[in-house]
2 protein chains.
Amino acid sequence: MVTIEIIAIGNELLLGDTLDTNTSWLCRTFTGLGGHVERAVLVRDDRPAIIREIRGALERGVQLLVTSGGLGPTDDDLTLQAVAEALERPLVLNERALALVRETYERLAAAGYVTNAQLTESRVKMARLPQGAEPLENPVGAAPGVLLRLDRTTLVSLPGVPAELKAIVTGPLRPILQELFGAGVFRQREVIALCRDETVLAPILSEVAERHPEVYIKSRAREFGPDIRFRITLSLSGRDPTSIEAKLEEAVRDLRDALRQAHIGLEA
Amino acid sequence: MVTIEIIAIGNELLLGDTLDTNTSWLCRTFTGLGGHVERAVLVRDDRPAIIREIRGALERGVQLLVTSGGLGPTDDDLTLQAVAEALERPLVLNERALALVRETYERLAAAGYVTNAQLTESRVKMARLPQGAEPLENPVGAAPGVLLRLDRTTLVSLPGVPAELKAIVTGPLRPILQELFGAGVFRQREVIALCRDETVLAPILSEVAERHPEVYIKSRAREFGPDIRFRITLSLSGRDPTSIEAKLEEAVRDLRDALRQAHIGLEA
């Protein structure tokens, strides 16, 4: 299974000004491809902090490392400087990235969105990539994404604006993810128990989980209240959809039987 | 300024099944008290991973370390075991925590929400705390929060259900936070620039920021589109509200002047 870590960058996240929805979207996307997101971290626009997180992930030998945020034109957009420094590589003007930035501003100027297409220093900044990196075209914004293929790790830097991040992942990054994840699959099933007391469910889930060590079983704690439904999800990743579905089906059946035996109702 | 780190625990966060809104709420709350959240990390229900994050934060000497999630009755609720192991302390049955758990189930049984008030192993589990910890009453759920006062760090473990987390922070944790944060304050001002091109704003913001090194100035990138407003926030934390407000006012005035000189419109 492909191991993944995410680094979300931006003071606004740690001020609580902006809710980081990118990380959750990336987690859902990678999980759906059969990947295993092990950890995600939110850090400030602080070069040493970003460098420390990148180095930590590389030392853990993670296969895919994704950063979000900090690719823009302002001085506090520090991600690529941090990536370069973490890898001990220089930042260099990337001609393909510069062509992408140029095209974007020509298009925006022609449409009247910006006053001119000049390659000012603030615009050129977005085309300075760590040596050896490839730009990933940004279909809805100015800052290209960045791809670096390292020995063990594929490092991808994405912009923090959600629409731009999603457009790169579902567009130019897609073939790279397919190559990385291969035919990985993820399946999830749900059982709704008519019960509001997790302490009653706990020993039952524990026994079922022991009989199905490969399947990941999780119950969702709800606030005590008038809702007497409890969501239990069962999930499994791997390469062979048939065997995954068979294992999940078996665990679901076992769980439903165990709940019924404990006189806990089930939603059909 | 009080330094803070947050550890959010739960596989559902890294599967992308559940959006972690707790971290953002905690960040906003602590920032509003004048604190400085340096980092937040999302990890799986995996004891070694949780231990590694706790130890890292303690080594960095953070003053407040908050964990969310993993306090419940199920086997994959591992937070307190991880805290105990990270601190090399045993988990012990805490009599005050047990009294809180007992009261909760007595109340729930009396109200007919649960079938009985027996102290089953799944319920008692929520009262096993790391040695030296104090429970924090959970006004809306069963699992108490946990407070540990260490040499340099105040460590607080909160449940992952948002209503429970918020009720503990705004209830029993409030006096502890007040003691820790003292009279810290945070102030933020906003300037709306009628401009959609961040590359034009970048050099202006950079100059203004250089003239006001204490003030944190951030522009919000928006997708290119029909919206021509750009949000710029200026913020500052400290102890003296009068001097903070004066410094912010000065920076806001300077920024508005610089934008006007560059013929960028301002929203009143």
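Criteria and cut-off values
Residues numbered from 1 in each chain as written. Chains lettered and ligands numbered in written order. Predicted model: local features only at pLDDT ≥ 70, side-chain atom pairs only at ≥ 80, totals over all residues. Heavy atoms only, no water. Helix = DSSP H or I, 4+ residues; strand = E, 2+ residues; numbered from the N terminus. Buried < 20%, exposed > 50% of the residue type's maximum accessible area, 1.4 Å probe, protein only. Areas by Shrake-Rupley, 256 points an atom, 1.4 Å probe, with all protein chains shown as cover. Lys, Arg positive; Asp, Glu negative; His and termini not counted. Charge placed at Lys NZ, Arg CZ, Asp CG, Glu CD. Pairing = 2+ DSSP bridges. Axes fitted to C-alpha atoms, helices over the stretch in contact; angles between N-to-C directions. Contact = heavy atoms within 4.5 Å. Buried area = accessible area lost by both parts, 1.4 Å probe. Salt bridge = Lys/Arg side-chain N within 4 Å of Asp/Glu carboxyl O. Polar contact = N/O pair within 3.5 Å; in protein donor to acceptor, adjacent residues only side chain to side chain. Nonpolar A, V, L, I, M, F, W, Y, C, P; charged D, E, K, R; others polar.

Q: It is not clear to me how the overall build of chain A should be interpreted in this structure. Could you clarify?
A: Per the secondary structure count, chain A includes ten helices and twelve strands. Principal axes of the C-alpha set define a box for chain A whose edges measure 70 × 40 × 35 Å. Relative to its full complement of 268 residues, chain A shows a buried share of 56%. For chain A, the accessible area works out to roughly 11100 Å², and carbon and sulfur atoms hold 49% of it. With 32 positive and 38 negative side-chain charges, chain A shows a separation of 3 Å between the mean positions of the two kinds.

Q: Which parts of the structure should I look at to understand helix H4 (residues 79-86) of chain B?
A: Counting along an α-helix, one turn takes 3.6 residues, and residues three or four places apart therefore face a common direction. Residue and element names in this part refer to chain B. Burial within H4 is extensive, with six of its eight residues counted as buried. Taken as a whole, H4 has its buried residues at Thr-79, Leu-80, Ala-82, Val-83, Ala-84 and Ala-86. One or two steps after H4, the chain reaches Glu-88, where phi turns positive at roughly 55 degrees.

Q: How do you make sense of the sheet that holds strand S8 (residues 154-158) of chain A when you look at a structure like this?
A: Through backbone hydrogen bonds, the strands of a sheet pair up, either in parallel or in antiparallel fashion. Read from one edge of the open sheet, twelve strands run S6(A)-S7(A)-S8(A)-S3(A)-S1(A)-S2(A)-S2(B)-S1(B)-S3(B)-S8(B)-S7(B)-S6(B), paired in mixed fashion. Because the sheet does not close on itself, it has two edges, and the strands there are strand S6 (134-136) of chain A together with strand S6 (134-136) of chain B. Taken over all neighbouring pairs, the strand axes of this sheet differ in orientation by 15 degrees on average, direction set aside. With four bridges joining them, strand S7 (residues 145-149) of chain B and strand S8 (residues 154-158) of chain B adopt antiparallel strand pairing. Paired with Leu-148 of chain B across the two strands is Leu-155 of chain B, which belongs to S8 of chain B. Contacts from helix H2 (residues 22-32) of chain A reach strand S1 (3-9), strand S2 (36-43), strand S3 (64-68) and S8 of chain A together with strand S2 (36-43) of chain B, with the element oriented near 165 degrees to S1 of chain A.

Q: Sorry if this is basic, but what is going on with the environment of Thr-154 of chain A here?
A: Residues and elements named next belong to chain A. Among the secondary structure elements, Thr-154 is positioned in strand S8. Taking the C-alpha atoms as reference, Thr-154 lies 4.9 Å from Leu-64; in sequence the two are 90 residues apart. Setting aside chain neighbours within four positions, we find Thr-154 in contact with Gln-63, Leu-64, Leu-65, Leu-147, Leu-148 and Leu-180.

Q: Looking at this model, I keep getting lost on the interface of chain A and chain B. Mind explaining?
A: The extent of an interface is frequently quoted as the accessible surface area lost upon association of the parts. Listed per partner, the contact involves 67 residues of chain A and 67 residues of chain B. When the two sides are added together, the surface that chain A and chain B hide from each other amounts to roughly 5400 Å², 54% of it contributed by carbon and sulfur. Between Glu-12 of chain B and Lys-218 of chain A there is a salt bridge, and its shortest N-O distance comes to 2.7 Å. Along the contact surface separating chain A from chain B lie 28 residue pairs in polar contact (both at pLDDT 80 or more). Counting residues per element, the side of chain A that touches chain B draws most heavily on S2 of chain A, which supplies eight residues. Of the residues assigned to the side of chain A that touches chain B, the class counts are 29 nonpolar, 18 polar and 20 charged. Where S2 of chain A meets S2 of chain B, five bridges bridge the pair, whose relative direction is antiparallel. Bridge pairing links Val-41 of chain A to Val-41 of chain B in S2 of chain B.

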